[in-house]
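# A structural walkthrough
What follows is the residue order along each chain.
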Amino acid sequence: MSEKKKYERPVVTKLQSGIMNKFGSGPAVSVLESIDGVPIKDLHAKYGSPLFVLSENTIRSNQRNAYRIFKNRYPKVQFAWSYKTNYLNAVCSVFHQEGSWAEVVSEFEYDKERKLGIPAEQILFNGPDKSAAALTKAISEGAKIHIDHFDELYSITGICERSQLKAHVAIRVNMDVGVYPQWDRFGLNYENGEAWQALKRIAANKRLRLVGLHTHIGTYMMTAEAYRIAATKLATLAKSLRDEFDVTLDYIDVGGGFASHNTLIGQYLPAEEVVPSMEQYADAIASGLKQGSFKHDEMPMLILETGRALIDDAGFLISKVIANKRLSTGRRAIIVDAGVNLMFTSFWYKHKISPAQPISAHAEDAVIYGPLCMNIDVIRDGILLPTLNPGDSLVLHRVGAYNMTQWMQFITLRPNVVMVMSDGTVELIRKAETLESVSENEVLPEQLRAKRT
Ligand SMILES: *Cc1c(COP(=O)(O)O)cnc(C)c1O
């Protein structure tokens, strides 16, 4: 029995040639039928829709590539995976297998790292909220604590005095790197001398071992020059520490914040054309560190806490079209089964989107809505797409960073997450939530259990 052809409502659209239009360059939708050789329709059939898909190969090659680029410019390089960017155990484990340490910003993330069997000495413990219990654990296990404020310094000093333990500490430094608004809410300021005050106190305290300096100047930084300034300022502090207190640091940590290839909403040109390359970031940092004029045997290790730039393009969200409709203005709308509850980054990125099946030649401007009963559930406002039918599959690209940590359990359940492994097999790395798993922590008071009369 042959399937009845679906009716396609005819629409008149202006021809789009390859030139720039108001959405940037060209109607560039291309079809993506498989991820690392695995057909998307097979992934849907086995794991449902929507479905997050991560590529092990891409994570590994991004990490290796970044390491090689930095290592070509500076002799001692260490990466530390930013857990909050994506802390699924499988993802963290790939990074750890590649030699990365862990950059954590909460006790929860700290414990997650420990549970994966990674030593505490490989933890860089950042963030403004470290409880006394968390600090005590970090001190006794030998993690590297990046001090955010003076009150934290006093807590650490107190714990060390009471426990007779020695803490491995660094300070987080905030500074003017020529990018505004300045991120000055984390750490201690360079320009006003606060950072130096803290370093003096640490250097004078026998229970504290000053191991490094840290900064994280911002995120999605569009200029490599900011990193040259940051590295220069940290190298200058390191030099002063050596000259004045004879302290040699183990490391200088310039944090994360390199832009991924996602294009920001409001950005006209595609990200690939405007964001610095990894080479440019690395050149800038290596050149800044030279200002420390370190002796060869005293060169601090360079630590990078790169997050989004290493994982964004390793993540895909495959979704299905629920319906097509026309808005009151006549504008085309498409409803898909993945909403902003899963795609937090839709609020700031114009994600690349591909149909996962052959497409017709004509394209029409559309707005893509998620399935939520919430007006702001917009996956993409303004994209030229070919005709799509209910049940067709759409792939959202470069969703590996932050979506799988900032997602919300709102209205729908979180879906499966799979990883396409380097050997071509597919592994389920996070099971879809169920009513039971989501309700697990709820408690219904006894007096509310009675049936209605
Ligand atoms: C979030 C964060 C990172 C990673 O930032 P990206 O912009 O994803 O590279 C690194 N270091 C610290 C301290 C962070 O808070």
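In this text the structure is predicted, and so the values were computed from the model without any measurement.

## Description of the site of the ligand
In the region of the ligand, 16 residues are neighbours, and Lys-84, Thr-219, Gly-257, Glu-305 and Tyr-402 sit closest. Take Gly-307: an N or O atom from its main chain is 2.8 Å from an oxygen atom of the ligand. One of the backbone N or O atoms of Arg-308 is found 2.8 Å from an oxygen atom in the ligand. Bound to the protein, the ligand loses 95% of the 390 Å² it would expose on its own. When the residues that make up the shell around the ligand are grouped by side-chain class, the tally is 1 nonpolar, 10 polar and 5 charged.

## Examining the pattern of salt bridges
This model, assessed by the stated rule, comprises 20 salt bridges. Among the ionic pairs, Glu-152 bridges to Lys-130, the shortest N-O distance being 2.7 Å. Linking Glu-152 in helix α6 (residues 150–163) with Lys-130 in the loop between β8 (123–125) and α5 (132–141), this pair joins segments that are 22 residues apart in sequence. Pair check on accessibility: Glu-152 and Lys-130 agree, each one buried. Here Glu-433 and Arg-430 are joined by a salt bridge, their closest N and O atoms 3.9 Å apart. Given the relative accessible area of 26%, Arg-430 is considered partly exposed. Taken together, the shared-partner salt bridges connect Glu-56, Arg-60, Arg-64 and Glu-98 into one network.

## Some points on the domain arrangement of the protein
You can read the domains of the protein as domain 1 (34–53 + 313–433) and domain 2 (56–310). For domain 1 and domain 2, the distance between their C-alpha centroids amounts to 33 Å. Opposite the 23 residues of domain 1 that make contact, domain 2 presents 27 residues. Around 2,200 Å² of area is buried between domain 1 and domain 2 when both sides are counted, 52% of it from carbon and sulfur atoms. The largest per-residue losses of area from domain 1 upon contact with domain 2 belong to Tyr-349, Lys-350 and Tyr-402, which jointly make up 30% of the total buried on that side. At the boundary of domain 1 and domain 2, one finds 1 salt bridge. Two residues, Glu-272 and Arg-398, come together in a salt bridge whose shortest N-O distance is 3.1 Å. Joining domain 1 to domain 2, the criterion identifies 15 residue pairs in polar contact (both at pLDDT 80 or more).

Definitions and limits used
- Residues numbered from 1 in each chain as written.
- Predicted model: local features only at pLDDT ≥ 70, side-chain atom pairs only at ≥ 80, totals over all residues.
- Heavy atoms only, no water.
- Near = heavy atom within 4 Å.
- Polar contact = N/O pair within 3.5 Å; in protein donor to acceptor, adjacent residues only side chain to side chain.
- Areas by Shrake-Rupley, 256 points an atom, 1.4 Å probe, with all protein chains shown as cover.
- Nonpolar A, V, L, I, M, F, W, Y, C, P; charged D, E, K, R; others polar.
- Salt bridge = Lys/Arg side-chain N within 4 Å of Asp/Glu carboxyl O.
- Helix = DSSP H or I, 4+ residues; strand = E, 2+ residues; numbered from the N terminus.
- Buried < 20%, exposed > 50% of the residue type's maximum accessible area, 1.4 Å probe, protein only.
- Domains from an automatic or database assignment.
- Contact = heavy atoms within 4.5 Å.
- Buried area = accessible area lost by both parts, 1.4 Å probe.

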